[in-house]
Amino acid sequence: MVSTLAQKVWADHLVYQGKDGAPDLLYIDLMLMHEVTSPQAFEGLRLAGRKPRHTDLLIATEDHNTPTFNIDKPNPDKVSAKQLSTLERNCREFGVRLHPLGDADQGIVHAFAPNLGLTQPGMTIVCGDSHTSTHGAFGALAFGIGTSEVEHVMATQTLSLKPFKTMAVNVDGKLPRGVTAKDIILAIIAKIGIGGGQGHVIEYRGEAIRSLSMDARMTICNMSIEAGARAGMIAPDQTTFDYLKGRPHAPTGEMWEKAVAYWKTLKTDDDATFDKEVTINAADLAPYVTWGTNPGQGSPITADVPDPAGIADAEQRRSVESALDYMGLKPGTPLKSIPVDTVFIGSCTNGRIEDLRAAASVMKGHHKAKSIHRVLVVPASSRARLQAEKEGLDKVFKDFGAEWRNAGCSMCLGMNPDKLVPGERSISTSNRNFEGRQGKGGRTHLSSPLVAAATAIRGTISSPADL
Ligand code: SF4
């Protein structure tokens, strides 16, 4: 039977096929955990007197509540400190491996696992976190689950699920210079909308996708959830194998050869069909930036803030009006004329070593604009931080006037000390620009690291081409 990549991975993990519309039972190869969505699951197991089925297939890190500076000092935020100490206690009690703050392998849950080679093609990977879709960049079927499902996976290493629908997004042709993975995914979401992938696993295909590095592929799959998709996937290829080879958890010797032979089978069959298909011409893409309060409200950086008066659909018009009101923007304003206060480079979308290199390549030899209040550069993982320091990128950032921080979610969400204040405007390489996402009343423009870095130099939204 011909199948898509997602259907192949699903079939390889089927424990029981549900009859008459009942869900299937799927084996889960790896569950990632962090401090926010795990406490209730641990407590559920404790109350039921159960133990995890496979502690070796569970692994935890600390990321959302961690401070990104003064990490050697007591955490002044009592709620965050409690979240972190609860995770540490739970992991000790249940025998779950944890990479805590200060550990060389600590980092955002979607960054530390690929670093370690834990994320591999053909796996089923879950986490109580929606951006688990990131791991689909390796050809894994990876998706976020709810707290009760986290408990179910801990107890049984399986999950009861109805098959997802399939969707192909083809990005054909070569990318223009200066267009990055973040621009591709912002353009895709602007085109299909924040509900465009609902209920589907999106498989990203085409020449432009194949040309991307693993870090860039993770950026694309990371934001699948922002289009409403359950997961995003990219078929593994030589780029994937080269990234994985030699990582601590990657297979070695004969097992490596066997693994690669299997991984090479993980692609959509030529005559398989998808439930939905969208095609984008890479040559039409440009650096993108959001102007609204969801990731689909974005435009090429050369565009103006849209005028809701020109939108025929009443619901859409109201949504744009309300977004512009929250963002404090007037229709017709050139995006490039919008001044920002804060620049945030980091998150599980764009805090990897290649993102840091990209930002440093723009910032080198410059200083942040006087009007910019602060520039935070926050690696997604401690490994990325160590690598950046080895390459001297930390010095580039500090000379630029940026703050060089420890790894964590930081200003991606207002759950740790890195927050916007009401009315403060940021350009951010993270994935969500919802109202209050980076702090109550904060205004967020999403962009790539290149655009964020150029904006930090000029003070208004800019791309490196404007320098
Ligand atoms: S960086 Fe942001 S999106 Fe990613 S895991 Fe942390 S809070 Fe979630």
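Just above, that's the structure.
This text gives an overview of the structure that appears in the document. Being a predicted model, the structure only gives us computed values, none of them experimental. Residues take numbers from 1 onward in each chain, read along the sequence in its written order. Local features in this predicted model are restricted to residues of pLDDT 70 or higher, and side-chain atom pairs are both shown and tallied only at a pLDDT of 80 or more, whereas totals for entire chains, interfaces and linings draw on every residue. Values shown for side chains rest on all heavy atoms present in the structure; no hydrogens or waters enter the calculation.

1. Overview of the sheet that holds strand E5 (residues 97-99)
Stated precisely, the cut-off is as follows: For two strands to be treated as a pair, DSSP must find no fewer than two bridges joining them. Counting from the N terminus, the helices are DSSP H or I runs at least four residues long and the strands are E runs at least two residues long. Each axis is a line fitted through C-alpha atoms, taken for helices only over the stretch in contact, and angles between the N-to-C directions span 0 to 180 degrees.
Spatially, the five strands line up as an open sheet ordered E5-E4-E3-E6-E7, and their pairing is parallel. Edge positions in the open sheet fall to E5 and strand E7 (141-144), since each of these has one partner strand only. If you compare each strand with its neighbour and ignore which way they point, the axes differ by 20 degrees on average. Summarising the sheet, strand E3 (residues 30-33) and strand E4 (residues 58-61) pair through three bridges and their orientation is parallel.

2. Some remarks on the site of the ligand
As a reminder, the rule being used: Note on terminology: near, applied to a residue and a molecule or strand, indicates that one of the residue's heavy atoms is within 4 Å of it. Note on residue classes: Ala, Val, Leu, Ile, Met, Phe, Trp, Tyr, Cys and Pro are nonpolar, Asp, Glu, Lys and Arg are charged, and everything else, Gly too, is polar.
Surveying the vicinity of the ligand reveals the residues His-64, Ile-108, His-110, Asp-129, His-131, Ser-347, Cys-348, Cys-409, Cys-412, Leu-413, Asn-431 and Arg-437. For the shell around the ligand, a count of residues per class yields five nonpolar, five polar and two charged.

3. Section: helix H14 (residues 382-390)
Since the α-helix advances by 3.6 residues per turn, residues separated by three or four positions end up pointing in the same direction. The following threshold applies: Exposure is judged per residue with a 1.4 Å probe applied to protein chains only, and the accessible area is read against the type maximum: over 50% gives exposed, under 20% gives buried, and values in between give partly exposed. Working note: the arc is built from the helix axis to C-beta atom directions.
Along H14, the residues classified as buried are Ser-382, Ala-384, Arg-385 and Ala-388. The arc that holds the buried residues of H14, viewed along the axis, is 160 degrees, so those residues lie on one side. Positive phi appears at Gly-392, one or two residues downstream of H14, with a value of about 80 degrees.

4. Side note on the packing of helix H13 (residues 353-363) against helix H16 (residues 449-458)
Pairs of packed helices are described in terms of their axes, by the angle between the two and the distance that separates them. Where we set the bar: Oblique is the label for every angle not falling under 35 degrees (roughly parallel), over 145 degrees (roughly antiparallel), or within 65 to 115 degrees (roughly perpendicular). Left-handed describes a crossing whose near helix is turned anticlockwise from the far helix by less than a right angle; the clockwise case is right-handed. By definition in these notes, contact holds between two residues if any of their heavy atoms fall within 4.5 Å.
The interhelical angle for the contact between H13 and H16, taken along N-to-C directions, is 30 degrees, at an axis separation of 8 Å. Overall, the two elements H13 and H16 adopt an arrangement that is roughly parallel. The handedness of the crossing between H13 and H16 comes out as right-handed. Together, Asp-355, Ala-358, Ala-359, Ser-361, Val-362 and Met-363 of H13 and Pro-449, Leu-450, Ala-453, Ala-454 and Ile-457 of H16 make up the contact between the two elements. Class assignment of the residues belonging to the contact of H13 with H16 gives a composition of nine nonpolar, one polar and one charged.

5. Let's talk about the pattern of salt bridges
Operational definition: Should a side-chain nitrogen of Lys or Arg be within 4 Å of a carboxyl oxygen of Asp or Glu, the pair is scored as a salt bridge.
Here the structure, examined in full by the defined rule, presents 18 salt bridges. For Asp-105, the salt bridge identified is with Arg-383, shortest N-O distance 2.7 Å. You can see Asp-105 sitting in the loop between E5 and helix H4 (109-116) and its partner Arg-383 sitting in helix H14, a full 278 residues away along the chain. Among the residues examined, Asp-105 registers a relative accessible area of 15% and is labelled buried. Through salt bridges with shared partners, one network takes in Glu-43, Arg-46 and Glu-93.

6. Examining the nonpolar core
Let me state the cut-off plainly: The criterion is simple. A nonpolar core is a set of buried Ala, Val, Leu, Ile, Met, Phe, Trp, Tyr and Cys residues joined through side-chain atoms within 4.5 Å.
With 76 residues, the main nonpolar core has Val-171 and Tyr-204 as its most contacted residues. With eight residues, the single largest contributor to this core is helix H6 (residues 181-192). Discounting chain neighbours no more than four positions away, the residues touching Tyr-204 are Val-169, Ile-185, Ile-188, Ile-209, Ile-220, Cys-221, Ser-224, Gly-232, Met-233 and Ile-234. By size, the runner-up hydrophobic cluster in this structure holds 43 residues, among which are Trp-291, Ile-311, Val-343 and Val-362.

7. Digging into the sheet that holds strand E12 (residues 276-281)
Across the sheet, which stays open at both edges, the four strands sit in the order E11-E10-E9-E12 with parallel pairing between neighbours. Looking at the sheet topology across the chains shown, the edges are occupied by strand E11 (231-233) and E12. Each neighbouring strand pair of the sheet contributes to a mean axis angle of 20 degrees, computed without reference to strand direction. For strand E9 (residues 165-172) and strand E10 (residues 200-205), the ladder comprises six bridges, and the chain directions are parallel. The residue of E10 that forms the bridge with Asn-170 is Arg-205. In this fold H6 packs onto E9, E10 and E12, with an angle of close to 125 degrees to the strand it touches most, E12.

8. Brief notes about unusual backbone geometry
A positive phi is found at Asp-20, a non-glycine position, where the angle reads about 50 degrees. Counting through the fold element by element, Asp-20 comes out in the loop between strand E1 (14-16) and strand E2 (24-27). Classification of Asp-20 as exposed rests on a relative accessible area of 83%. The phi torsion at Ser-410 lies on the positive side, around 50 degrees, for a residue other than glycine. Looking at the secondary structure, you find Ser-410 in the loop between strand E17 (403-404) and strand E18 (425-428).

9. Regarding the packing of aromatic side chains
Put simply, the rule reads: Centres within 6.5 Å are what make two rings of Phe, Tyr or Trp a pair, Trp counting through its six-membered ring; a difference in plane orientation under 30 degrees is then read as stacked, over 60 as edge-to-face, and the rest as tilted.
Per the counting criterion, the structure on display carries seven aromatic pairs. Aromatic side chains Phe-138 and Tyr-243 sit 5.4 Å apart centroid to centroid with 70 degrees between the ring planes, which places their arrangement in the edge-to-face category. Note that Phe-138 is positioned in the loop between strand E6 (124-127) and E7 and Tyr-243 in helix H9 (residues 238-244), a separation of 105 residues in sequence. Taken as a pair, Phe-138 and Tyr-243 share a single burial class, namely buried. Residues Phe-241 and Trp-263 carry aromatic rings whose centres are separated by 5.9 Å and whose planes lie at 25 degrees to one another, so their mutual orientation is stacked. Placement of the pair is Phe-241 in helix H9 and Trp-263 in helix H10 (residues 253-263), with a sequence separation of 22 residues. Each of the two residues, Phe-241 as well as Trp-263, counts as buried. Through a chain of ring-to-ring contacts, the aromatic side chains of Trp-10, Phe-143 and Phe-164 assemble into a single cluster.

10. Examining the environment of Ala-140
In this fold, Ala-140 is placed in the loop between E6 and E7. Through-space distance from the C-alpha of Ala-140 to that of Ala-235 is 8.6 Å; in sequence the pair is 95 residues apart. Setting aside chain neighbours within four positions, we find Ala-140 in contact with Gln-120, Pro-121, Gly-122, Met-123, Ile-125, His-135, Gly-232 and Met-233.

11. Section: the packing of helix H2 (residues 39-48) against helix H3 (residues 78-94)
Two elements in contact, H2 and H3, have axes whose closest approach is 10 Å; the angle formed by their N-to-C orientations is 40 degrees. Compared by their axis directions, H2 and H3 come out oblique. Seen from above, H2 lies across H3 with left-handed handedness. Contact residues: H2 offers Pro-39, Phe-42, Leu-45 and Arg-46, while H3 offers Gln-83, Thr-86, Leu-87, Arg-89, Asn-90, Cys-91, Glu-93 and Phe-94. Tallied by class, the residues present in the contact of H2 with H3 amount to six nonpolar, three polar and three charged.

12. Comments concerning the pairing of E6
Here E6 shows no split at all, with Thr-124 and Val-126 on one side and Ile-125 and Cys-127 on the other all buried. Across three bridges, E3 lies against E6 in parallel orientation. The residue bridging Leu-30 from the neighbouring strand is Ile-125, located in E6. Two strands pair when backbone bridges link them, and E6 and E7 are joined in this way by four bridges, in the parallel orientation. Directly across from Ile-125, in E7, lies its bridge partner Ala-142.

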